[in-house]
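Residue-level structure breakdown
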Amino acid sequence: MNKAIQFPANFLWGSATSAYQIEGSPLADGAGASIWQRFCAVPGNVRDGDHGDIACDHYNRYKEDVALMVKLGLKAYRFSVSWSRILPQGRGAVNQAGLDFYSRLIDELLANGIEPMVTLYHWDLPAALDDRGGWLNPDIADWFTDYARVLFRAFDGRVKSWATLNEPWVVTDGGYLHGTLAPGHRNLHEAALASHNLMRAHGSAVKAYREEGKYQIGIVVNIEPKYPASQSQADLDATRRADAYMNRQYLDPIFLGAYPPEMKEIFGEAWPDWPAADFDLIGQKLDFVGINYYTRSVVRHEPAHWPLRVAPVRQTQATYTETGWEVFPQGLTDTLVNFKQRYGDTPLYVMENGSAFYDPPQAEDGRVHDPLRVSCLRKNMGALHAALELGVDLRGYMVWSLLDNLEWSLGFSKRFGIIHVNFETQQRTLKDSALLYADIVASNGACL
Ligand SMILES: OC[C@@H]1[C@@H](O)[C@H](O)[C@@H](O)c2[nH]c(CCc3ccccc3)c[n+]21
């Protein structure tokens, strides 16, 4: 019998979503368009022509969704604010109706004892700013900071946990290098510039928070630990490049004052010597770091794969999710311990962790049975606890996601929710994974 798992007394159990993936009503009440509306409107960009015009209709159903969080006993809810609801042109005039929506949501959460955790940017850049170059325009650090100040002044105090960016790696790799995500660019030079401007914007907003805010601010990064397919020097070098590109690229400049040396190796002349002053800005002290963990990758050297020269090696004995990610809970423990070893004891939250599996529609008993997601959740709880036992200062866990939602360019084809959404009727149904998560929260892990 395994020793009963106990998490720290005030461990923060919650769930996570993002604006464009769940809200719908993207242009309601004066909101401006985002790059994701534009991207979805271009045939071929999103599977089945799916888009966020309705999604989970959370903009209208947020009270029902908060009631579901209460039903599950959640202590926190991580969500993002749509920049173009607040500033329809991305800068300048504030849209009070946009602020009012998030004010209502925040008050509904607080009235139900749920801590709001706000992400300022989760990929839905105002289209009007993209028209001015978006993340390629160095002015975006100021645009982002002005937007952040509007939110800090409106909500700080009711909101006590802020994250500047969600996953700058994905914004850069998907939006500017491979073109798989909005704004759909494929340019190595642009990828380097966008990535650096994202980090400048992050630092500038944190600096502003120190003038405006009284609580906590951090960043959320996706970490995918890399393991060499063999001990050959070529594979070891490939692993180092992959880890630098996807993981260390974003945390090194914050905590160590410089990008990994591998960036030049990967980007070549597309990676300039950035101005030293930028690192003073990027290196603002953080109150926490959010880690999004889904999977690991085992990598080998592959000269043909530009620009990283790395290829993933499928693990024959492993379970893979519908998004092609290996179920590897040990990678969650390794990720959290590796952070502590490399960057020290900044408090951590797992801000996203979850899995997409095919969920059969409602069974005769009216339930949605998702045994594979239940199994993943259990294993990941064990991985969290192992990291705590190894001394990681882990403060909380947000399951991705509260609801089935728009999985970006994969449309509605991939379901990550612990709550099933029927997108025809908008009916919500708790999956077995939601019932398990409710037990985990209620028992603080003792039920595992
Ligand atoms: O794919 C599931 C979720 C998305 O729905 C979230 O919006 C996003 O924050 C998020 N990040 C990751 C891991 C990073 C990643 C994203 C997309 C593709 C490959 C890796 C997984 N997820």
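That block above? That's the structure.
This report concerns the structure included in the present document. (Residues numbered from 1 in each chain as written. Predicted model: local features only at pLDDT ≥ 70, side-chain atom pairs only at ≥ 80, totals over all residues. Heavy atoms only, no water.)

1. Topic: the pattern of salt bridges
The line we're drawing: The term salt bridge refers to a pairing of a side-chain nitrogen on Lys or Arg with a carboxyl oxygen on Asp or Glu at a separation within 4 Å. Working definition: helices are DSSP H or I runs of at least four residues, strands are E runs of at least two. Numbering for both runs from the N terminus. Only protein chains enter the area calculation, which uses a 1.4 Å probe; residues under 20% of their type maximum are buried, those over 50% are exposed, and those in between are partly exposed.
Enumeration according to the criterion identifies 33 salt bridges in this entry. For Arg149, the salt bridge is made with Glu212, and the minimal N-O distance between the two is 2.8 Å. Of this pair, Arg149 sits in helix 7 (residues 140-155) while Glu212 sits in helix 9 (residues 188-212), placing them 63 residues apart in sequence. Notably, a salt bridge pairs Lys431 with Asp404, separated by 2.7 Å at the nearest N-O pair. You can see Lys431 sitting in the loop between strand 13 (427-430) and helix 15 (432-443) and its partner Asp404 sitting in the loop between strand 11 (394-400) and strand 12 (419-422), a full 27 residues away along the chain. Given the relative accessible area of 0%, Asp404 is considered buried. Several salt bridges share partner residues, and in doing so they unite Asp237, Arg240, Arg241, Asp243, Arg248, Glu262 and Glu265 into one network.

2. Focus on helix 8 (residues 168-177)
The test is simple: By definition, residues are in contact when any of their heavy atoms lie within 4.5 Å.
Most of helix 8 sits inside the fold, with 10 of its 10 residues counted as buried. Turning to helix 8, its buried residues are Pro168, Trp169, Val170, Val171, Thr172, Asp173, Gly174, Gly175, Tyr176 and Leu177. Those residues of helix 8 that are buried are in contact with strand 3 (115-121), helix 6 (127-130), strand 4 (161-166), helix 9, strand 5 (216-222) and helix 10 (233-255). Trailing helix 8 by a residue or two, Gly179 shows a phi angle of about 75°, which is positive.

3. Here we look at the layout of surface pockets
Remark: the empty space left among the atoms is shown by a probe the size of a water molecule rolled over them. Condition: Every definition here rests on a 1 Å grid over the protein atoms only: cavities are sets of points where a 1.4 Å probe fits but cannot get out, pockets are open sets enclosed by protein on both sides within 12 Å along at least five of seven lines, and lining residues have some atom within 4 Å of a point. Grid points are joined across faces, edges and corners, and a volume is the space filled by probe spheres set on the points. Residue classes follow a fixed rule: Ala, Val, Leu, Ile, Met, Phe, Trp, Tyr, Cys and Pro count as nonpolar, while Asp, Glu, Lys and Arg count as charged, and any other residue, Gly among them, counts as polar.
Within this model, the largest pocket holds a volume of roughly 1400 Å³. Contributing to the lining of the largest pocket are 49 residues, with Trp169, Asp173, Glu224, Met246 and Trp325 lying nearest its centre. Listing elements by their share of the lining of the largest pocket, those giving two or more residues are helix 8, helix 10, strand 8 (297-301) and strand 9 (310-312). In terms of residue count, helix 8 provides more of the lining of the largest pocket than any other element does, 5 residues in total. Looking at the lining of the largest pocket residue by residue, the class counts come to 25 nonpolar, 15 polar and 9 charged. In this structure, the second largest pocket spans a volume of roughly 300 Å³.

4. Quick word on the sheet that holds strand 6 (residues 226-228)
Which entries qualify depends on this criterion: At least two bridges found by DSSP between two strands are what make those strands a pair. An axis is simply a line fitted to the C-alpha atoms; with a helix, the fit covers only the stretch in contact. Between two such axes, the angle follows the N-to-C directions and lies from 0 to 180 degrees.
Pairing within the open sheet is mixed, and its 3 strands lie in the order 6-8-9. In this open sheet, the two strands that pair with only one neighbour each are strand 6 and strand 9. Along the sheet, successive strands turn relative to each other by an average axial angle of 45°, direction set aside. Direction of pairing for strand 6 relative to strand 8: parallel, over a ladder of 3 bridges. Counterpart to Tyr227 in the pairing with strand 8 is Val298.

5. Focus on the pairing of strand 2 (residues 76-80)
In terms of burial, strand 2 is largely enclosed, as 5 of its 5 residues are buried. Residues of strand 2 alternate between two faces, with Ala76, Arg78 and Ser80 on one and Tyr77 and Phe79 on the opposite face, all of them buried. Taken together, the 3 bridges between strand 1 (residues 12-16) and strand 2 define a ladder with parallel strand orientation. Looking at the pairing, Ser15 lines up with Tyr77 of strand 2. Looking at chain direction, strand 2 and strand 3 are connected through 5 bridges and run parallel. For Arg78, the partnering residue across the bridge sits in strand 3 and is Met117.

6. Some thoughts on the nonpolar core
The line we're drawing: Put simply, buried Ala, Val, Leu, Ile, Met, Phe, Trp, Tyr and Cys residues joined by side-chain atoms within 4.5 Å make one nonpolar core.
Trp36, Trp83, Trp135 and Leu384 are the most contacted members of the largest nonpolar core, which totals 136 residues. Discounting residues that sit within four places of it in the chain, Leu384 has contacts with Phe7, Phe11, Trp13, Leu332, Leu336, Val350, Leu394 and Tyr397. Val220, Phe288, Met351 and Trp400 belong to the second largest nonpolar core, which has 14 residues in total.

7. Side note on the packing of helix 8 against helix 10
Which entries qualify depends on this criterion: Oblique is the label for every angle not falling under 35 degrees (roughly parallel), over 145 degrees (roughly antiparallel), or within 65 to 115 degrees (roughly perpendicular). Left-handed is the label given to a crossing in which the near helix is rotated counterclockwise from the far helix by less than a right angle, and right-handed is the label when the rotation is clockwise.
Contact pair helix 8 / helix 10: the axes reach a minimum separation of 9 Å and the direction vectors enclose 125°. With respect to each other, helix 8 and helix 10 are oriented oblique. Viewed along their axes, helix 8 and helix 10 form a crossing whose handedness is right-handed. Taking contact as the criterion, the partners of Pro168, Trp169, Thr172, Asp173 and Leu177 in helix 8 are, on helix 10, Tyr245, Met246 and Tyr250. When its residues are assigned to classes, the contact of helix 8 with helix 10 shows 6 nonpolar, 1 polar and 1 charged.

8. Examining the side chain of Asp50
Just so we agree on the cut-off: When charges are counted, Lys and Arg are positive and Asp and Glu negative, with His and the chain ends excluded.
Among the secondary structure elements, Asp50 is positioned in the loop between helix 2 (35-41) and helix 3 (58-72). Summary of buried charges: Asp50 has no salt-bridge partner, and the nearest side chain of opposite charge, Arg47, is 7.6 Å away.

9. Concerning the environment of Pro138
By secondary structure assignment, the location of Pro138 is in the loop between helix 6 and helix 7. Since its relative accessible area comes to 45%, Pro138 is described here as partly exposed.

10. Considerations on the packing of aromatic side chains
Stated formally: Note on ring pairs: Phe, Tyr and Trp rings are taken, using the six-membered ring of Trp, and paired if centres are within 6.5 Å. Classes follow the plane angle, with under 30 degrees stacked, over 60 edge-to-face and the rest tilted. Working rule: Lys NZ or Arg CZ, within 6 Å of ring centre, within 35 degrees of ring normal, means a charge sits over the ring.
Following the criterion strictly, the structure yields 39 aromatic pairs and no others. A centroid spacing of 5.0 Å and a plane angle of 65° characterise the contact between Trp36 and Phe39, whose relative ring orientation is edge-to-face. With Trp36 and Phe39 both in helix 2 and 3 residues apart, the pair spans about one turn of that helix. Its relative accessible area of 6% is what places Phe39 among the buried residues. Through a chain of ring-to-ring contacts, three or more aromatic side chains come together here, namely Trp169, Tyr245, Tyr259, Phe267, Trp271, Trp274 and Phe279. A cation sits over an aromatic face here: Arg85 above Phe101, 5.9 Å from the ring centre.

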